[in-house]
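# Descriptive analysis of the structure
What follows is the residue order along each chain.
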Amino acid sequence: MSADATSSQTPQERIVNLFAFGPIGALHVRDGSIELATAAGRETIDNVQAHFDTSGGQTEGGALSGSGSFEFRREEVRFSLDSGAVTSSSTSVPVSLALTSDPGRATMKGAASFKDGFQLDGRIQTDVADARSFLRWLGVDQPEGQSLKEFSASGAMHASGATLTIDEGSFKLDGNSAVGLLAFTAGAKPRIEGTLDFERLVIDPYLGDASGEDVTASLPRQPSAQISDWILLRSLDADLRVSVDEIRVRTLSLGKGGFTITAKDGALAVEIGEIELCGGSAAGRLAVKAERTPRVSLIANLNDIALKQCLDPLGLGIPIDGVGELRADLAGEGQDLTALKHSFFGAIKIGAERGSLPVDFARLTAPVAPLESESWNSNQATQFDTLKAECRLAARVIWCRTFNMQTAQRSIFGSGDIDLGRTMLDWNLSVNRPVPSTPALDTDNAVPKLSIRGVLSQPTIRRTDRATLGEESSQANPVTSPVQ
């Protein structure tokens, strides 16, 4: 091989040619080190202990095999290497490589090329017991957490420069399986890109542990996930397109849909195109800004959802039924999900139609007031045509300044609040009867008024514009004469 040809070769090409065509049959390396120029800076591979054999010696086409170990970032990595025949006209080298370490293991089989920088094409299988620890080993700063654990990937591989791409791949993380494409680019700020299709996606590992069936009751009792556990905002950039057949969040099931996840410069955005939810659909946007105290904003649009189907798994005890819609524009901040949940504030608009509310408005608004208060009454529920409410959320209290429910015979309006933390409610409602052919005088007494107060699961419902019989007697005789 001419000196001119040698001078134009890359260092990697020179090493390959040295083994393939040089006068070397075997090479032993003891306590060696290799200096690497990476996107994150210059790093070294230390304590290299290796043995290489070339079966062909000076014969063109000799194969290379080797094995040994080295240390990278204080972790021992064991390796085995086999390459096929190499000729002077070869543009690539058949290669099989296996890497094993405590952070993970990988096997690769394909063809390596050094012509235009190092490239490797073939098949890959990799398994990681703890993805969070593995990311820390690669230089991606990660706190301790309950998610990002077991990870595996396999598929067609292409490695070029600092980027490793797995196409037509199968992936598994925290028990969730997906197929598609995933690319990882190493650097001072690593980047992940991909298109993934999940048959079933369980979100629970990223929300902290919860063993109870009641979502609302279980969350405060269990460890709450740190927001930094699941957004990785300060550590890497991401551009992921995700499609799912089913999403599970605690006891709530969502159907087919898709969303995108982008993270850049400490900001995360999740754009939800449309996901099947409770017979209807959900869309929206979640944005997180990684500051000292992370700030979160949420825009949600729910359409044509079956209210009972959605509310029952939450365990809130809100007994409304019907087909509904919701518009929410919320913001909050907090280091973990519990703090975030308590800090959320913003506007909520609720609408429903063709539903029912378990209140016997006909009996409660009768000319003769009931002798005693009532509670939810599913046997005498009032059917409504439409229901609308404009509300605000703050400190886990939903306060609705306007409420309007239209039935076939009545118009019910008022205001009130629901305390989600205490599961209490406090509402004041007025009921307009149908307008007769001869309008009556419009006085306050002509409009029955009700209050709904107490524990959400079993509140007290009573008339407030007139007293019960016992109260009437007391009020009619506030002072009684002494017995003679």
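Structural data are supplied above this passage.
Residues numbered from 1 in each chain as written. Predicted model: local features only at pLDDT ≥ 70, side-chain atom pairs only at ≥ 80, totals over all residues. Heavy atoms only, no water.

We now examine the overall build of the protein chain. Counting its regular elements, the protein chain contains nine helices and 26 strands. Within the protein chain, the proportion of its 484 residues that are buried is 37%. At a minimum sequence separation of 6, the contacts of the protein chain that also span at least 24 residues come to 45%. For the protein chain, the accessible area works out to roughly 26,100 Å², and carbon and sulfur atoms hold 53% of it. (Helix = DSSP H or I, 4+ residues; strand = E, 2+ residues; numbered from the N terminus. Buried < 20%, exposed > 50% of the residue type's maximum accessible area, 1.4 Å probe, protein only. Contact = heavy atoms within 4.5 Å. Areas by Shrake-Rupley, 256 points an atom, 1.4 Å probe, with all protein chains shown as cover.)

Inspection of every chain in the model, using the stated rule, returns 19 salt bridges. Note that Arg327 and Glu325 form a salt bridge whose closest N and O atoms lie 4.0 Å from each other. Its salt-bridge partner being Asp465, residue Arg463 comes within 2.7 Å of it at the nearest N-O pair. Of the residues examined, Asp465 reaches a relative accessible area of 22% and is grouped as partly exposed. (Salt bridge = Lys/Arg side-chain N within 4 Å of Asp/Glu carboxyl O.)

The next point concerns the state of the cysteines. Taken as a whole and judged by the stated rule, the model has two disulfides. The side chain of Cys278 participates in a disulfide bridge whose partner is Cys310; the two sulfur atoms lie 2.0 Å from each other. Measuring the twist about the S-S bond at about 105°, one finds the Cys278-Cys310 disulfide to be right-handed. On the criterion of sequence distance, the pair formed by Cys278 in the loop between strand S16 (267-277) and strand S17 (280-289) and Cys310 in helix H6 (residues 307-311) is long-range, its members being 32 residues apart. In this structure Cys278 comes out as buried when scored by relative accessible area, which is 5%. (Disulfide = S-S within 2.5 Å.)

Now for the environment of Val244. The residue Val244 is located in strand S13 (residues 237-244) in this model. Taking the relative accessible area as the measure of exposure, Val244 reaches 1% and is therefore buried. Between the C-alpha atoms of Val244 and Lys256, which are twelve residues apart in sequence, the distance is 5.5 Å. In this view, Val244 contacts Asp197, Phe198, Leu201, Gly255, Lys256, Gly257 and Phe259; residues no more than four positions away in its chain are not counted.

Right, let's get into the side chain of Asp360. By the element assignment, Asp360 lies in the loop between strand S20 (345-357) and helix H8 (361-364). The buried charged residue Asp360 lacks any salt bridge partner; its closest oppositely charged side chain belongs to Arg363, at an N-O distance of 5.2 Å. Reaching out from Asp360, the side chain makes a polar contact with the backbone nitrogen of Arg363 at a distance of 3.2 Å. (Lys, Arg positive; Asp, Glu negative; His and termini not counted. Polar contact = N/O pair within 3.5 Å; in protein donor to acceptor, adjacent residues only side chain to side chain.)

To continue, consider the environment of Ala394. Its place among the elements puts Ala394 in strand S21 (residues 382-394). Once the C-alpha coordinates of Ala394 and Leu330 are considered, the two residues, 64 residues apart in sequence, prove to be 9.5 Å apart. Apart from the residues within four sequence positions on either side, Ala394 is in contact with Phe344 and Phe345.

Let's shift gears to the side chain of Ser147. Within the secondary structure layout, Ser147 lies in the loop between helix H3 (131-137) and strand S8 (151-160). When its relative accessible area of 2% is taken as the criterion, Ser147 is described as buried. Among the polar contacts listed, one links the side chain of Ser147 to the side chain of Arg132, at a separation of 3.0 Å.

Next up on the list: the nonpolar core. Among the nonpolar cores identified, the biggest contains 84 residues, and Phe259, Leu277, Phe361, Phe403, Met405 and Trp427 are the most heavily contacted of them. Discounting residues that sit within four places of it in the chain, Leu277 has contacts with Leu252, Ser253, Leu254, Ala282, Leu302, Ile305 and Cys310. (Core = buried A, V, L, I, M, F, W, Y, C linked by side-chain atoms within 4.5 Å.)

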